[in-house]
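Coordinate inspection notes
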Amino acid sequence: MGATQYLVMTLPEIRAAASLPERVAYLGLHFSPSADNLAGFPERLPGGSLLLLDDRVPPTRHTPEKILPRLQEMVESTGCAGVYLDFQQPDHPETGAFAQRIAEALPVPVGVSCLYARALSCPVVLPPFPLDRSPREVPAPWAGREIWAEQGTDALLMILDAAGCHSSPAVPGDPAGSFFSPALTCRYRIRTFPDHGEFLLWRDGTTLPRQAEILGELGITRILTPYREVFPGKQVGSTPPKAGSTAV
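A brief look at the structure comes next. (Residues numbered from 1 in each chain as written. Predicted model: local features only at pLDDT ≥ 70, side-chain atom pairs only at ≥ 80, totals over all residues. Heavy atoms only, no water.)

Attention now goes to the environment of Trp 202. Structurally, Trp 202 is set in strand 14 (residues 196–202). Taking the C-alpha atoms as reference, Trp 202 lies 6.9 Å from Leu 131; in sequence the two are 71 residues apart. Apart from the residues lying within four places of it in its own chain, the contact partners of Trp 202 are Leu 131, Asp 154, Ala 155, Pro 172, Gly 173, Asp 174, Pro 175, Ser 178, Cys 186, Arg 187, Tyr 188 and Arg 189. (Helix = DSSP H or I, 4+ residues; strand = E, 2+ residues; numbered from the N terminus. Contact = heavy atoms within 4.5 Å.)

See below:
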C-alpha cells in the first residue's frame, strides 16, 4: 500500500495560495516565546492535514496543562489527521516527557522526531534519507514501529583519492548529463581526474516521486514533501494548480 503524502507549506505560502493541495503539512506552529501558549496558527487548512509543532522555543518553558487544551482545540477545529512534534533540540529529557504527554492526550496520531522517539511508542518521523545509503537500510532500526518520513533536496560530493573517500555537502548538479540511481533514488554524476574521482549525488523535485514510491513499498505510512519542490514555480505570490485542491 502506498504512503499518504502531505505537502509541507509555510504560513506565507498558505496565505499566498488561491488554493491548497488536498493534504498539507503545516510548518509554522510553535511555542509562544512570550506566553504559555502556541503561536503561528494558520487561518485555514484543508481537513485531513498535519500540524507540525517545532521546538524553536523550547517546550520546557511551558506547562502541558495549558498547552494541551489549545493544541486539542486546533486539532478539532481543522479536522487534521495528525500532529508531528518536530523536536530537534537534543538532550532535553523534559522535552521527551512533554512529547509523551501530547501523544497520549490527543485523539489523532502523533509522530515524534527520531531524537525523542525511542522512549515512546508513537510513530517515529525520520528526516530526509542520506544520499549515500540505500533507502531500504534507513528504517531498519525502527522495525515494528509506524514510520513517517520527510523528503528533502540536497547534494553530496564524494571524492575518492589515495587517502580514501571524503564527502561533504555540495550544490546540486545540472540534470543534463546526469544519471538516476534507482537504488539510492537520486541523481548522480561521475568525473575522473588523474589523482582522484568525484561522485556528485543529489535529489531534486524530479526524483522525489520515485523516492516516495520506494518509501511506500517499505511500509512508511506518511510522507512529508516540500511544497516548493513539487511546485517550484509556485512560490509566495503565485497560485498552485487547482486540480485536487481546496480553495481558501
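Further notes follow.
A few words now on the pattern of salt bridges. Applying the stated criterion across every chain yields a total of 11 salt bridges. Taking the shortest distance from any N to any O, the salt bridge between Asp 54 and Arg 56 comes out at 2.8 Å. Residue Glu 229 pairs with Arg 228 through a salt bridge whose shortest N-O separation is 3.8 Å. A relative accessible area of 46% means that Arg 228 is categorised as partly exposed. (Salt bridge = Lys/Arg side-chain N within 4 Å of Asp/Glu carboxyl O. Buried < 20%, exposed > 50% of the residue type's maximum accessible area, 1.4 Å probe, protein only.)

Helix length check: helix 2 (residues 64–78), at 15 residues, gives a terminal C-alpha distance of 21 Å against a target of 21 Å (1.5 Å per residue), a fit within 8%. Those residues of helix 2 lying buried are Pro 64, Ile 67, Leu 68, Leu 71, Met 74, Val 75 and Thr 78. Along helix 2, the residues classed as buried sweep out an arc of 125 degrees about the axis, all on the same side. Residues of helix 2 that are exposed and angled more than 90 degrees away from the buried face: Glu 65, Lys 66, Glu 76 and Ser 77. Buried residues along helix 2 sit against strand 3 (24–31), strand 4 (38–39), strand 5 (50–54), strand 6 (82–86) and helix 3 (93–105). (Expected span 1.5 Å × (residues − 1). Arc of directions from axis to C-beta.)

This next bit is on the pairing of strand 3. Where burial is concerned, most of strand 3 is hidden: 7 out of the 8 residues are buried. Judged from the 4 bridges that link them, strand 1 (residues 4–10) and strand 3 form a sheet pairing that is parallel. Bridge pairing in strand 3 links Val 8 to Ala 25. Of the pairings in the sheet, the one linking strand 3 to strand 5 comprises 5 bridges and is parallel in character. In the sheet register, His 30 faces strand 5, and the bridge partner there is Asp 54. Alignment of strand 3 against strand 4, held across 2 bridges, turns out to be antiparallel. Across the sheet, His 30 pairs through a bridge with Ala 39, a residue of strand 4. (Pairing = 2+ DSSP bridges.)

Take the nonpolar core next. Of all hydrophobic cores here, the largest spans 35 residues; its most connected members are Leu 51, Leu 53, Leu 85 and Ile 102. Secondary-structure elements contributing two or more residues to this core are strand 1, helix 1 (11–16), strand 3, strand 5, helix 2, strand 6, helix 3 and strand 7 (110–113). Broken down by element, this core gets its largest block of residues, 5 residues, from helix 2. Setting aside its immediate chain neighbours within four residues, Ile 102 contacts Leu 53, Leu 68, Leu 71, Leu 85 and Val 110. Residues Val 124, Leu 126, Val 138 and Ile 147 belong to the second largest nonpolar core, which totals 12 residues. (Core = buried A, V, L, I, M, F, W, Y, C linked by side-chain atoms within 4.5 Å.)

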